[in-house]
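Analysis of the macromolecular model
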Amino acid sequence: MKRTILSRLLNMKVAIGFLLVLSAIAALGTFIAQEQSAEFYTFHYGNRIGHFLMTTGLTDIYHSPWFIFLGILLCVYLVLCSLMRLRGRKNRRLIGSVILHLSLVLLVAGALLSMATGATEDVSLVRGETAKLTEGALAGTTVQVDKFTIDWYDNGSASQYITDLAFTDRKGKRTKEQISVNHPYRHGFIKIYQEKYGWEVHGKVSSLDGTKKYALREGQDFPLKEGQSLAQIFVPNYDVESRSLKSVTAAPKNPYLAVALQANGQPVDMRLLQKNGKSMIGNLQISFDDYVPYTGLRVKYDCGIPVVFVSFILALAGLFLRYMDEIRLKKGDRHG
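Okay, so let's go over this structure. (Residues numbered from 1 in each chain as written. Predicted model: local features only at pLDDT ≥ 70, side-chain atom pairs only at ≥ 80, totals over all residues. Heavy atoms only, no water.)

1. Describing the pattern of salt bridges
For clarity, the cut-off: Salt bridge, as used here, is a side-chain nitrogen of Lys or Arg placed within 4 Å of a carboxyl oxygen of Asp or Glu. Secondary structure elements follow DSSP: runs of H or I of four or more residues count as helices, runs of E of two or more count as strands, with numbering from the N terminus. Accessible area is worked out with a 1.4 Å probe on protein chains only. A residue is then buried under 20% of its type maximum, exposed over 50%, and partly exposed in between.
Across all of its chains, the model carries eight salt bridges by this definition. With a closest N to O distance of 2.9 Å, glutamate 200 and arginine 217 form a salt bridge. Of the two residues, glutamate 200 sits in strand S7 (residues 190-207) while arginine 217 sits in strand S8 (residues 210-217), which places them 17 residues apart along the sequence. With respect to class, glutamate 200 is no different from arginine 217; both count as buried. One salt bridge connects lysine 225 with aspartate 209, and the closest N-O pair in it is separated by 2.9 Å. Here lysine 225 is found in the loop between strand S9 (221-223) and strand S10 (228-235), whereas its partner aspartate 209 is found in the loop between S7 and S8, with 16 residues between them in sequence. Residue lysine 225 is classed as exposed on the basis of its relative accessible area, which comes to 52%. Overlapping salt bridges, with partners in common, bring together Asp122, Glu195 and Arg298 in one network.

If you want it as structure tokens, here you go:
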């Protein structure tokens, strides 16, 4: 009687239902914004629903203890189902089915590892700059850029970006590597991807109070006193005839810098500067001295990938064992 009840409980139909429920919960993470501030949830969902989402952990589903517990419970359940099927008569087909079940366990376990311990951090660095990483398992490691170059097609579009970097792990071990698009750096469970590039413009702002240097990237403003600031747009290849701030090519063949003086966030005046040029804007003298490319890197830690990889190998082995006899019969029919 007990064995009958146990066999009814431990069957793959229940396991698949369990997996579907867990998948549906995981899918909520695509509809509910994850890891945002409390103000974000109260603003977008209201006080009551926002408080409910934060209290239940639905604002950080993949790291919540109950979600990880459900994943572990599913893994244990699948293992027990596999052991139940192995009791009694054993054959190649049955062993193949059990291996398939175990591959599913490893797949879920790998996904849980990635969700629970995975970390991603984006950094943008110019040559000679170092970033100290702070996210999760990446904390305590550093990335330094020794060199960054961009290769260009004849039409002025980027063909490849290449970074020579130095990575220092938590133990202080330093390694050097050259990476490019589709050729990341690998160090244990850590990968560094070449993701993008941009420009950092250099110059000076002079007034009666003195001279200050600036180094600004796309979207950055230079703060001044009394609610004023300088906004800038870098145009790598400016079309003098059309006077459009949209660059003709991505390659810097005729670099210009558009500088706007802002008061309380509103533009007051604007100047267009060629490289090594100067201009007065209000009571300020602005110079555009130089520009350098910066590399955008994505650093990822994921210890679940090897587990998922092994699960796929096991799945292939299980499928082969499960259907090997049928494959042989079909081959025999063809030859017959």
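Now that the structure has been shown, we can carry on.
2. Focus: the layout of surface pockets
Keep this limit in mind: Any residue with an atom within 4 Å of a point lines the site, the site being either a cavity, points on a 1 Å grid over the protein atoms alone where a 1.4 Å probe fits but cannot get out, or a pocket, an open set with protein on both sides within 12 Å along at least 5 of 7 lines. Grid points are joined across faces, edges and corners, and a volume is the space filled by probe spheres set on the points. Throughout, the ten residues Ala, Val, Leu, Ile, Met, Phe, Trp, Tyr, Cys and Pro are labelled nonpolar, Asp, Glu, Lys and Arg are labelled charged, and all others, Gly among them, are labelled polar.
Approximately 310 Å³ is the volume attributed to the largest pocket. Only S7, S8 and S9 provide two or more residues apiece to the lining of the largest pocket. Here the lining of the largest pocket gets three residues from one element, more than from any other, and that element is S7. The residue inventory of the lining of the second largest pocket, partitioned by class, reads four nonpolar, three polar and three charged.

3. Describing the packing of helix H3 (residues 38-45) against helix H4 (residues 47-56)
To characterise two packed helices, one gives the angle between the axes of the helices and the distance between these axes. Test applied: For helices, the fitted axis covers only the stretch in contact; all axes are lines through C-alpha atoms, and the angles between them, taken along N-to-C directions, range from 0 to 180 degrees. Orientation is classified from the angle alone, with under 35 degrees giving roughly parallel, over 145 giving roughly antiparallel, 65 to 115 giving roughly perpendicular, and any other angle giving oblique. By convention the crossing between two helices is left-handed if the near helix lies anticlockwise of the far one by an angle smaller than a right angle, and right-handed if it lies clockwise. Any two residues whose heavy atoms approach within 4.5 Å are treated as being in contact.
The contact between H3 and H4 brings their axes to 7 Å, and the two run at 135°. Compared by their axis directions, H3 and H4 come out oblique. Judged by the twist between their axes, the crossing of H3 over H4 is right-handed. Where H3 approaches H4, its residues Ala38, Tyr41, Thr42 and Tyr45 are matched on the opposing element by Asn47, Ile49, Gly50, Leu53 and Met54. Grouping the constituent residues of the contact of H3 with H4 by class yields six nonpolar, three polar and no charged.

Everything listed here is a matter of coordinates, which is why it stays silent on function.
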